[in-house]
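Coordinate analysis (summary)
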Amino acid sequence: MRVKCVLCDNIETIENECTLAKKLRNRPIHTFMCEPCRERITRKTAQREATGNFTLYRSPDTNNDW
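The following paragraphs examine the structure supplied in this document. None of these values were measured; they are calculated from a predicted model. (Residues numbered from 1 in each chain as written. Predicted model: local features only at pLDDT ≥ 70, side-chain atom pairs only at ≥ 80, totals over all residues. Heavy atoms only, no water.)

Let us now look at the overall build of the chain. Helices and strands together make up the secondary structure of the chain, namely 2 helices and 2 strands. Starting at the N terminus and walking to the C terminus, you meet the elements of the chain as β-β-α-α. Here the chain, with 66 residues, has 12% of them falling under the buried criterion. Pairs at least 24 apart in sequence give 32% of the contacts found in the chain among residues at least 6 apart. Carbon together with sulfur atoms contributes 49% to the accessible area of the chain, which is approximately 6,100 Å² in total. (Helix = DSSP H or I, 4+ residues; strand = E, 2+ residues; numbered from the N terminus. Buried < 20%, exposed > 50% of the residue type's maximum accessible area, 1.4 Å probe, protein only. Contact = heavy atoms within 4.5 Å. Areas by Shrake-Rupley, 256 points an atom, 1.4 Å probe, with all protein chains shown as cover.)

If you want it as structure tokens, here you go:
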């Protein structure tokens, strides 16, 4: 399966049977990010966390009783 990175538009080939390929086929909202872009974002996020001015916003728990 050919996939395109959402950040750098690099086209890569992944196996058709892997779980990532299945996610991309069945759920169009999922996007592909190549390994160099993923590493760059991870490294820059870690740098921002180290400054102390970084807040990670997560979705609210789904276990809340209404």
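The rest of the description comes next.
Next up on the list: the environment of N10. Within the element layout of this structure, N10 appears in the loop between β1 (2-4) and β2 (11-13). With 24 residues separating them along the chain, N10 and C34 place their C-alpha atoms 7.5 Å apart. Residues within four places of N10 in sequence aside, it is in contact with V3, K4 and C5.

Moving on to helix α2 (residues 35-51). Think of an α-helix as 3.6 residues a turn; residues three or four steps apart then line up on the same face. Look at α2: 25 Å from first C-alpha to last across 17 residues, which is about the 24 Å you get at 1.5 Å a residue. A positive backbone phi angle near 90° is found at G52, which sits one or two residues after α2. (Expected span 1.5 Å × (residues − 1).)

Attention shifts here to the environment of T31. Secondary-structure assignment places T31 in the loop between α1 (19-26) and α2. Residue class for T31 comes out exposed when judged on its relative accessible area of 54%. Separated by 25 residues in sequence, T31 and V6 place their C-alpha atoms 6.8 Å apart. When residues no more than four places from it in sequence are discounted, the contact partners of T31 are V6 and L24.

Our focus in this paragraph is unusual backbone geometry. It is generally the case that most residues other than glycine have a negative phi and that most peptide bonds are trans. Although it is not a glycine, D9 adopts a positive phi angle of roughly 60°. With respect to the element layout, D9 can be found in the loop between β1 and β2. We classify D9 as partly exposed; its relative accessible area is 48%.

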